[in-house]
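Summary of structural features
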Amino acid sequence: MERIKQALERARKQRDVVESAPISSDRTVTAPPSAVQSVAYTNTRVVPSAPGLLRKNKIIANCVDETTITAYNMLRTQVLQRLSEHGWNSLAIISANHGEGRTLTAINLAISMAREVDKTVLLVDLDLRRPGIANYFGFTPEYGVVDYMLNDIPLKEMLFNPGIERLVVLPGNCAVSNSAELLSSKKMLQLVEELKQRYPSRIVIFDLPPLLSAADALAFAPHVEAALLVIADGQTTKSDITDTLAMLEITNVVGTVLNRKMA
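Residues numbered from 1 in each chain as written. Predicted model: local features only at pLDDT ≥ 70, side-chain atom pairs only at ≥ 80, totals over all residues. Heavy atoms only, no water.

Together, Leu-212, Leu-218 and Met-247 give the surface a local cluster of nonpolar side chains, amounting to about 200 Å² of exposed area. Tracing the backbone shows Leu-212 in the loop between β6 (202-207) and α9 (216-220). We classify Leu-212 as partly exposed; its relative accessible area is 30%. (Patch = residues over 30% accessible without salt bridge, like charges linked within 9 Å, V, L, I, M, F, W, Y side chains within 5 Å. Areas by Shrake-Rupley, 256 points an atom, 1.4 Å probe, with all protein chains shown as cover. Salt bridge = Lys/Arg side-chain N within 4 Å of Asp/Glu carboxyl O. Helix = DSSP H or I, 4+ residues; strand = E, 2+ residues; numbered from the N terminus. Buried < 20%, exposed > 50% of the residue type's maximum accessible area, 1.4 Å probe, protein only.)

Consecutive residues of a regular strand have side chains that alternate between opposite faces of the sheet. Counting buried positions along strand β3 (residues 120-125) yields six of six residues, so the element is predominantly enclosed. By the alternation rule, side chains of β3 split into Thr-120, Leu-122 and Val-124 and Val-121, Leu-123 and Asp-125, which are all buried. By the bridge criterion, six bridges tie β3 to β6 in an arrangement that is parallel. Bridge pairing in β6 links Leu-123 to Ile-205. Of the pairings in the sheet, the one linking β3 to strand β5 (residues 167-170) comprises four bridges and is parallel in character. (Pairing = 2+ DSSP bridges.)

With that settled, the discussion passes to the confidence of the model for the protein. Low pLDDT marks stretches whose predicted atomic positions should not be read closely. Overall, the prediction assigns the protein a mean pLDDT of 86, with 84% of residues at 70 or greater. Counting interchain partners and residues more than four positions distant, the pLDDT-below-50 stretch residues 17-35 has ten contacts. (pLDDT = per-residue confidence, 0-100. Contact = heavy atoms within 4.5 Å.)

Applying the stated criterion across every chain, the model contains seven salt bridges. Across the pair Arg-102 and Asp-207 runs a salt bridge whose closest N-O atoms are separated by 2.6 Å. Placement of the pair is Arg-102 in helix α4 (residues 102-114) and Asp-207 in strand β6, with a sequence separation of 105 residues. When its relative accessible area of 6% is taken as the criterion, Arg-102 is described as buried. Close ionic contact of Glu-194 with Arg-198 constitutes a salt bridge, the shortest N to O distance being 2.2 Å. Using a relative accessible area of 30% as the deciding quantity, one classes Glu-194 as partly exposed. Overlapping salt bridges bring together Arg-102, Asp-127 and Asp-207 as one network.

Of all hydrophobic cores here, the largest spans 38 residues; its most connected members are Val-124, Leu-126, Leu-170, Met-188, Phe-206 and Phe-220. When neighbours within four sequence positions are excluded, Phe-206 is seen to be in contact with Ser-90, Leu-91, Ala-92, Ile-93, Val-124, Leu-126, Val-192, Leu-195, Phe-220 and Val-224. (Core = buried A, V, L, I, M, F, W, Y, C linked by side-chain atoms within 4.5 Å.)

Encoded structure:
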């Protein structure tokens, strides 16, 4: 119980710091063009997302809300520091239940990390029961992770860049009933190792299904080096958090995100 209280209190304090931080709008420092690592996608499909759709879906790519951008940038910095301390480059985004903001957090954290000039990010949709990341970008993929697992479709046929520099998405495109078995399979382990090791400076973010709704996330957790827990203020119960943390006892939980803070 003490661990839960500490996690909630830490998340609330981090959120309060972001909201109370003064925001300067008259002094913006932009990296010179020569310092920015530009990526030319020759083998990955580029599918630019409509700015209006991104704003509607609360994606920060075209967001002008400084408070929101600052919140994600602070989260990015804290997570990258934890990963760097241990030499990790894979992170699972988890929640206890559906509807707690897990997928949106995964997407916006990935975009914020991709804005770091020395990082590239691969965002992987591993909610094999309810894949949805591609929908946020208005893209309907022909192939997804399940096609790689079951039909040996090459990864290059499904990867896409949503028009955001240094961000590539490995989408899901259909639901399967035996998702836990797929996520714990030898082929999935080989896929994860390939994604983690192909580019040393790449951060790989996995969006997993809710931990308390099925065995999927628990089956996959041993494959990642760290996890970030998303909590919905006023929705996720202490019992949910207790159960979730207990199930992740052997997983490196690098922090919590308090989502949808109530006034």
